[in-house]
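In case you want the letters, here they are:
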Amino acid sequence: ELKEEFTRVLTANNPHAPQNIVRYSFKERTYKPISHVDQMAIHFTLNGNLVPKDSDEGRRQCARLSITSEKAPVETSAIPSEEAEIKDEESRGDTQAAGKEEAEESGTAEAAEAAEEEESPAPRVKEQKLANQFNFIERASMTLSNPMQERACQTEPTPRKSLSAYANQWIIYDAYVEEIQKQEMSKEKEKTKAPIAKREAVKKKGRKPTSLESQSDDITKISKAAKIIERMVNQNTFDDIAQDFKYFEDASDEYRGQQGTLLPLWKFQYDKTKSLAVTAISWNPKYKDLFAVGYGSYDFTKQGQGMIVLYTMKNPSFPEYVFSSESGIMCLDFHNDHPHLMAVGFYDGNVAIYNLKKSTSQPSYRSSAKAGKHTEPVWQVKWQKDDMENNLNFFSVSSDGRIVSWTLVKNELVHTDVIKLSAEGTTMQWPEGLQLQMLGCGTSFDFHKKIDNLFLVGTEEGKIYKCSKSYSSQFLDVFEAHQMAVDSVSWNPYHLKVFISCSSDWTVKIWDHTIKTPMFVYDLRSAVGDVAWSPYSSTVFAAVTTDGK
Amino acid sequence: MADTGEGKKEEADYKRLHSFPLIRHSDMPEEMRVEAMKLCVTACKKYSTNNESAAKMIKEMMDKKFGSSWHVVIGEAFGFEITYEVKNLLYMFFGGNLAVCVWKCS
């Protein structure tokens, strides 16, 4: 390997010169390569000052030089006549003519000769002498000049295209007629589209509407068709699940006795809610496939954002609407008559109304600190019938012990405290004799289906209060229901006197509101989170516990 | 007489219906196109008898607004073959019988 020979070639090429230069030729409208690239590299330049003898400047310089060379020999001969010169100098002063005369005047022959010879050197000498007389000294300097560097740049020529057309009366006329026809067609299509949209069934073949306008309108028109197609694709994918949804009947149910089967049908997931807990779920009363899910966090230390996400069963892969908020959502409720309005309660005590028809992600109306929001998380909100002025109103219950009725008056949420939950038996006595009322913390409530004024409130202390909207300070009745917080109360939709309550003390109790003791008690061996009556049977209810059963 | 009366009415109708500005071919970005169109309509209405002054007005305004070297042709019957800078062309009809072609090429 050491014996390998490496050949090195010395070329005369400039290593810094580019190898291919391209110039744009306007004549041919293309880029053409230059055939020969300059290989000269300049290392040092110095501007010389040699002047050719034959040029003007050269000749001038020669003349000057010859004059001075003539002066030299003349001077040597003029030495003896120096005296005369000095004499002449003194006497001459300025003018040379006067000097000449004086020279002649001074004259001995020698002096005259010398003077004649002097004439020619005299004016030259005079120049020199004059210069010296005025003490001119030649001095020259030159500043450092920056070395020059060549730099070239070439922009890209602007792109061009050509067009050819013909303008004529009949062409213009035809164009106008065509345009008018198009406009009429589009008007007709709009009229026929409107009734079709109302009759739109869920399954419709994706028809891409023809767009007559410019390109920017295409996207908005396709969005509707794209939505329908997305739903169709999802239903085709999950077709067997949709079949199960409608017709599920497990034959093995007969043999299992007490246990039934619960088939999980769809899983609705959304990326942005991954870290949040589902805190509330509610079905839309009008659109049976739409349901809203509220996201928040039960953990006091982990309060972050909240979201409301609405899914439809027709499209299980992506939510229909998403709203986000700064505080976690605790509960939500759809309005029965206005299915696009949702009341929402937050962890920070605010309530808000979201309008689904509007495309903004902000609530339409929102309570604020000065408008009487709760100071504790709002556990439940429920819509009421419109009051006498046809304003929407809803109730909310929260841990700060107040039940507040919110009314939507002239685009603002107005609150009225309906009732304060005072925990009986815990009024404290201050030394001055003041009595402070401790407020209990409300956790859930429910309104009677028939008697509108009557409602039940469950508290964290385990008591259930029966209250009426007309009495704001007094309860109608108190039930010592549970040992721990009451998580949910609910009236039976069919037996008007019966209600059910569940609590973290592992029990579910069924009551008759005229009797103080529960009629039935179910012990479920773990804390019960929520209980609900079945809508079609008066004796069936469902309960969920914290161990997942 | 009735025929000519009808003919006149038709003509008036045609003029009314067909006088809106109709873009035949356009290569400009949206706002530029709208401005150029408005400018052409204004100029043609102002100098309805004199195509040259209308063209002059359009060309000078376009030069001021969008850069140098615009070219404008207004007429009722002409053919053309032009080279234009991309995204700087407007060819439209107006007034039922006028054709306006505006392009930039420096």
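For the structure itself, look to the data block above.
Here the structure is a predicted model, which is why all the values come from computation and not from measurement. (Residues numbered from 1 in each chain as written. Chains lettered and ligands numbered in written order. Predicted model: local features only at pLDDT ≥ 70, side-chain atom pairs only at ≥ 80, totals over all residues. Heavy atoms only, no water.)

All names here are of chain A. Under the counting rule described, the total for this entry stands at one cavity of 30 Å³ or more. Lining the largest cavity are Ser324, Ser325, Glu326, Tyr354, Gln362, Pro363 and Arg366. Here the lining of the largest cavity is composed, by residue class, of two nonpolar, three polar and two charged. (1 Å grid on protein atoms, 1.4 Å probe; cavity = no way out; pocket = protein on both sides within 12 Å on 5 of 7 lines; lining within 4 Å. Points joined across faces, edges and corners; volume = space filled by probe spheres on them. Nonpolar A, V, L, I, M, F, W, Y, C, P; charged D, E, K, R; others polar.)

This paragraph deals with the packing of helix H2 (residues 30-46) of chain B against helix H3 (residues 51-66) of chain B. All names here are of chain B. Packing of H2 against H3 leaves a shortest axis separation of 9 Å and a crossing angle of 150 degrees. Judged by the inter-axis angle, H2 sits roughly antiparallel to H3. Here H2 runs over H3; the crossing is right-handed. Each of Met32, Glu35, Ala36, Leu39, Cys40, Ala43 and Lys46 in H2 lies in contact with H3, whose residues at this interface are Ala54, Met57, Ile58, Met61, Met62, Lys65 and Phe66. When the residues that make up the contact of H2 with H3 are grouped by side-chain class, the tally is eleven nonpolar, no polar and three charged. (Axes fitted to C-alpha atoms, helices over the stretch in contact; angles between N-to-C directions. Helix = DSSP H or I, 4+ residues; strand = E, 2+ residues; numbered from the N terminus. Parallel < 35°, antiparallel > 145°, perpendicular 65-115°, else oblique. Left-handed = near helix turned anticlockwise from the far one by under 90°. Contact = heavy atoms within 4.5 Å.)

This brings us to the interface of chain B and chain A. Across the boundary between the two partners, chain B contributes 31 residues, which contact 21 residues of chain A. Summed over both partners, the interface of chain B with chain A buries about 2300 Å², with 63% contributed by carbon and sulfur atoms. Put simply, chain B and chain A have zero salt bridges between them. Our count for the chain B to chain A interface comes out at eight residue pairs in polar contact (both at pLDDT 80 or more). Only helix H1 (2-18), strand E1 (22-26), strand E3 (78-85), strand E4 (89-94) and strand E5 (98-104) of chain B provide two or more residues apiece to the side of chain B that touches chain A. Here the side of chain B that touches chain A takes eight residues from E3 of chain B, the largest share from any one element. Tallied by class, the residues present in the side of chain B that touches chain A amount to 18 nonpolar, nine polar and four charged. (Buried area = accessible area lost by both parts, 1.4 Å probe. Salt bridge = Lys/Arg side-chain N within 4 Å of Asp/Glu carboxyl O. Polar contact = N/O pair within 3.5 Å; in protein donor to acceptor, adjacent residues only side chain to side chain.)

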